[in-house]
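# Analysis of the macromolecular model
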Amino acid sequence: MRTPQRRRPSPSAIGERVRQLRIARGLTQTELGLGRFTKEYVSQIERGRARPAPAALDWLAERLGTSKMFLETGLSSSDHERTMGLISRAEAAVAAREFEDALTCLEGVGPLTQGLEPEAALRAMLTSASAKSELGSVKEALELLEQAGDLVESDAFSDVDRANVLFHKGQCRYRLSSIPTAVTLLTEALELMRHTELVDERLRSRILRWRSRCYRRQRDWEAARGDVEAALEVAEQLDDRDALAHGYFQASIIAERNGQWVLARSYAERAKALYEEQDDRVNVGRLLNNLGGLTFLLGDPEEAVRLLKTAFSVALEVGSEPDAAQAVSSLAQVHLRTGEVELAEEQARHALTLLEGRVDFLDEQGNVQLVLGRALLEQGRLDEAEQAIATSEATFEQLSSASHRAAAWIAQAELSIRRSDQEKALRLYRRAAETLQDVRF
């Protein structure tokens, strides 16, 4: 990675502050220099044509009755303390999943790329990007992260800082379903951390978990499992209960996708207990949704419905519409498979309303559209079913997931059978089977 010169305050901005303070104190350029600096040199500083060295900046600040910080940033000590307090409050709000509150705090900071020390600017950018991404403004988050990426190329920052920016970019790319790009970014982040003397094992654990999600979408189960196991090992070494909960949650999903439903339920129950220990209601609700699906697969639809309704209630309680949508979507799946197709249709439409405009939930939108199509198919409303299934296929096209596309083709094949088009159905079944094959020759 190239290492440009350290990012420093603009000479013109420093010079303008020196000029304004000199005039306010009634000093000439010669009087300000006081025999240490010539009138010509002070003039060059004020016009932004010379950058004073750190020692010179200290001296000028003392002469002008201000601080070096003010000359560099335009912030007084009290302003600086207020700004750093707002950034810390925003970070705490993100940790508490109060994303709108975090953005409100950062509005008080002002432009994140102006007037802040580099380290403070990076903290503010990452916090703002995290909040925007969680609220669905993923492209806005990426724009901020591009600026953060430029900032951390300075030798003022470490490879851990650079890895952290890459990690956040990888998260955003995953949410936009740019899975190969996300894998590349997360892998680069891990490589940076592997070659640095600094250690941030919590960050490494987070990167591994998110790369595991990417591998899962690509159906690379071994790689997904390997990353989760590595993340869990790190979390256990750190005794990080939050990281352990996230790791077991991911392990549960991988086991479920591979048909290991009892193991998946075991992992999910461990994760749920850890989230409850931390009073993390958001993730408790998500685990209830996960457990509801597993309970249905293990043959208890009534208990599954109870768990899913509880998951929906928790999502409403914490104000998370995407989580509420996923619980309703799961309920629609259960009712579709138990023959309550009209209720499945109603719930699928409700879920789609909750997910409207969320480009970071394309996979769930596609799944719900597919459930809607199947519910309509079971009611004999073939034209409406065809439209819903086609919409799901178009949504899945934006995902890097062969299994999602194959599910849409299987539904289209079943629709073709209802229309007595056996030849088309056969082609679609074959296409789905070939897509899901790991080996073709």
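Up top is the structure.
These figures come from a predicted structure and were not determined experimentally.

Right, let's talk about the environment of R281 for a bit. Assignment of secondary structure puts R281 in helix α16 (residues 281-297). Taking the C-alpha atoms as reference points, R281 and V314, 33 residues apart in sequence, are found 7.0 Å from one another. When sequence neighbours within four positions are dropped, the list of residues in contact with R281 reads V314, E317 and V318.

A ring pair, where both rings are aromatic, is described by two values, the distance of the centres and the angle of the planes. One pass over the structure, following the stated rule, counts five aromatic pairs. Seen in terms of ring centroids, F37 and W59 are 5.3 Å apart; in terms of plane orientation they differ by 90 degrees. Their pairing is edge-to-face. With F37 in the loop between α2 (29-33) and α3 (39-46) and W59 in helix α4 (residues 54-63), the pair connects residues that are 22 residues apart, well separated along the chain. Like W59, F37 is buried. For the ring pair Y174 and W210, a centre distance of 5.5 Å and an interplane angle of 90 degrees mean the geometry is edge-to-face. Of this pair, Y174 sits in helix α10 (residues 159-175) while W210 sits in helix α12 (residues 201-217), and the two are 36 residues apart along the sequence. Residue classification places Y174 among the buried residues on the basis of a relative accessible area of 9%. Taken together, F37, Y41 and W59 form an aromatic cluster joined through their ring pairs.

Right, let's get into the packing of α16 against helix α17 (residues 301-318). Contact geometry for α16 and α17: axes closest at 8 Å, N-to-C directions at 160 degrees. Relative to α17, α16 is oriented roughly antiparallel. Considering how the two elements wind past one another, α16 and α17 form a crossing that is left-handed. Residue-level inspection shows R281, V282, G285, L288, N289, L291, G292, G293, T295 and F296 of α16 in contact with α17, the latter providing P301, E303, A304, L307, L308, T310, A311, V314, E317 and V318. Class assignment of the residues belonging to the contact of α16 with α17 gives a composition of eleven nonpolar, six polar and three charged.

The next subject is unusual backbone geometry. The phi torsion at L34 lies on the positive side, around 50 degrees, for a residue other than glycine. Looking at the element boundaries, L34 is found in the loop between α2 and α3. Unusually for a residue other than glycine, R219 sits at a positive phi of about 60 degrees. Accessibility expressed as a relative area gives 24% for R219, which makes it partly exposed.

Attention shifts here to the packing of helix α15 (residues 261-277) against α16. Angle between the axes and distance between the axes are the two parameters that describe a pair of packed helices. Put simply, α15 and α16 touch, their axes get as near as 9 Å, and they point 160 degrees apart. In this view, α15 runs roughly antiparallel relative to α16, as classed from their interaxial angle. In the crossing of α15 with α16, the sense of the turn from one axis to the other is left-handed. Contacts from W261, A264, R265, A268, E269, A271, K272, Y275 and E276 of α15 reach α16 at N283, V284, L287, L288, N290, L291, L294 and L297. Grouping the amino acids of the contact of α15 with α16 by side-chain chemistry returns eleven nonpolar, two polar and four charged.

Inspection of the secondary structure assignment puts R216 in helix α12. A polar contact is formed between the side chain of R216 and the side chain of Q250, at a distance of 2.6 Å. Excluding residues that lie within four positions of it along the chain, R216 makes contacts with Y174, W221, A224, Q250, I253 and I254.

Here the focus is the environment of A50. Position of A50 relative to the elements: it lies in the loop between α3 and α4. Overall, A50 belongs to the buried group, its relative accessible area being 11%. C-alpha separation for the pair A50 and K132, spaced 82 residues apart in sequence, amounts to 39 Å. Here A50 is in contact with P11, Y41, Q44 and I45, once residues within four sequence places are set aside.

What follows deals with the state of the cysteines. Here the structure, examined in full by the defined rule, presents zero disulfides. Its sulfur unpaired, C172 is 12 Å from the next cysteine sulfur, which belongs to C214. Overall, C172 belongs to the buried group, its relative accessible area being 2%. Residue classification places C214 among the buried positions, given a relative accessible area of 0%.

The subject of this paragraph is a nonpolar patch on the surface. Together, W261, V262 and L298 line one region of the surface with nonpolar side chains, adding up to about 260 Å² of accessible area. Within the fold, V262 resides in helix α15.

Turning our eyes to something else, we now look at the pattern of salt bridges. Taken as a whole and judged by the stated rule, the model has 28 salt bridges. Between R202 and D240 there is a salt bridge, with its nearest N and O atoms 3.1 Å apart. Placement of R202 in helix α12 and of D240 in the loop between α13 (221-238) and α14 (241-257) is noted, with a sequence separation of 38 residues between them. Given a relative accessible area of 46%, R202 falls into the partly exposed group.

Cut-offs and rules
Residues numbered from 1 in each chain as written. Predicted model: local features only at pLDDT ≥ 70, side-chain atom pairs only at ≥ 80, totals over all residues. Heavy atoms only, no water. Helix = DSSP H or I, 4+ residues; strand = E, 2+ residues; numbered from the N terminus. Contact = heavy atoms within 4.5 Å. Phe/Tyr/Trp six-rings, centres within 6.5 Å; stacked < 30°, edge-to-face > 60°. Buried < 20%, exposed > 50% of the residue type's maximum accessible area, 1.4 Å probe, protein only. Axes fitted to C-alpha atoms, helices over the stretch in contact; angles between N-to-C directions. Parallel < 35°, antiparallel > 145°, perpendicular 65-115°, else oblique. Left-handed = near helix turned anticlockwise from the far one by under 90°. Nonpolar A, V, L, I, M, F, W, Y, C, P; charged D, E, K, R; others polar. Polar contact = N/O pair within 3.5 Å; in protein donor to acceptor, adjacent residues only side chain to side chain. Disulfide = S-S within 2.5 Å. Patch = residues over 30% accessible without salt bridge, like charges linked within 9 Å, V, L, I, M, F, W, Y side chains within 5 Å. Areas by Shrake-Rupley, 256 points an atom, 1.4 Å probe, with all protein chains shown as cover. Salt bridge = Lys/Arg side-chain N within 4 Å of Asp/Glu carboxyl O.

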